[in-house]
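Next come the chains, spelled out residue by residue.
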2 protein chains.
Amino acid sequence: MKYGDLIKERRSILGLTQQELSDYCGLSVRIIKSIESEKGNPSLKTMEKIAETLGLELILKVKLPNE
Amino acid sequence: MKYGDLIKERRSILGLTQQELSDYCGLSVRIIKSIESEKGNPSLKTMEKIAETLGLELILKVKLPNE
DNA sequence: AACAAATGTGCAATATAGTGCACTATTGTT
DNA sequence: AACAATAGTGCACTATATTGCACATTTGTT
């Protein structure tokens, strides 16, 4: 699961700075940085706050054999 | 994101107890319980250990407007 | 009903996610 | 080159996820 680049790209498409994203989703800039660079180990709630703000979704599903 | 029931159902399909699942994915039984009942706020690593053990996958993707 | 297996819960301890500050590094613009 | 805006990092602190133990509850089997 490579979430860092997707988040960074998505934020950039929406024209947001890390600071703005952190304001919108109620998280510290610090954590936005660590998540975009995939350092650390975010919680589900943290990931979902970011996802919702950026129009992304976090999904758990059965993994098909052919992928 | 309703992960608790999916995990519980999937574990049951594979014929595993909470104890066995916790052994296989290297987590405490305690955390398996809290995740299946969706109490608490697991980390991505924790979720992915469980997902991998159960043949599930955790995905972050762009949310389409029509859903 | 009695019993065993599996699941749920209170509590205390430890590991680590999340925060804020001050600073550095990068990137882009003139 | 100089400057401004944005992004990355060290440190110490707080909040909370994760753990293990012991016990309670539920579920299934005879």
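These numbers were taken from a predicted model, which means no experiment stands behind them.

**Student:** Explain unusual backbone geometry to me, please; I cannot follow it from the model alone.
**Tutor:** Peptide bonds are mostly trans, and most non-glycine residues show a negative phi. Residues and elements named next belong to chain A. The phi angle at Glu 38 is positive, at roughly 55 degrees, despite the residue not being glycine. In this fold, Glu 38 is placed in the loop between helix H3 (29–36) and helix H4 (44–54). On the basis of relative accessible area, Glu 38 is assigned to the partly exposed category, the value being 35%.

**Student:** Looking at this structure, I do not really get the side chain of Ser 43 of chain A. What am I missing?
**Tutor:** Structurally, Ser 43 of chain A can be placed in the loop between H3 and H4. For Ser 43 of chain A, a relative accessible area of 15% translates into the label buried. If we skip the residues at most four places from it in the chain, Ser 43 of chain A touches Asn 41, Pro 42 and Ser 43 of chain B.

**Student:** Whenever I open this one, the pattern of salt bridges confuses me. Can you help?
**Tutor:** When charged atoms on two side chains of opposite charge get close, those side chains can pair. In this structure the tally under the stated criterion is four salt bridges over all chains. We note a salt bridge from Glu 57 of chain A to Lys 61 of chain B, for which the minimum N-O separation is 3.3 Å. With Glu 57 of chain A in strand E1 (residues 56–62) and Lys 61 of chain B in strand E1 (residues 56–62), this pair bridges two chains. The buried category is assigned to Glu 57 of chain A, whose relative accessible area is 17%. Relative accessible area serves as the criterion here: at 32%, Lys 61 of chain B is assigned to the partly exposed category.

What counts and what doesn't
- Residues numbered from 1 in each chain as written.
- Chains lettered and ligands numbered in written order.
- Predicted model: local features only at pLDDT ≥ 70, side-chain atom pairs only at ≥ 80, totals over all residues.
- Heavy atoms only, no water.
- Helix = DSSP H or I, 4+ residues; strand = E, 2+ residues; numbered from the N terminus.
- Buried < 20%, exposed > 50% of the residue type's maximum accessible area, 1.4 Å probe, protein only.
- Contact = heavy atoms within 4.5 Å.
- Salt bridge = Lys/Arg side-chain N within 4 Å of Asp/Glu carboxyl O.

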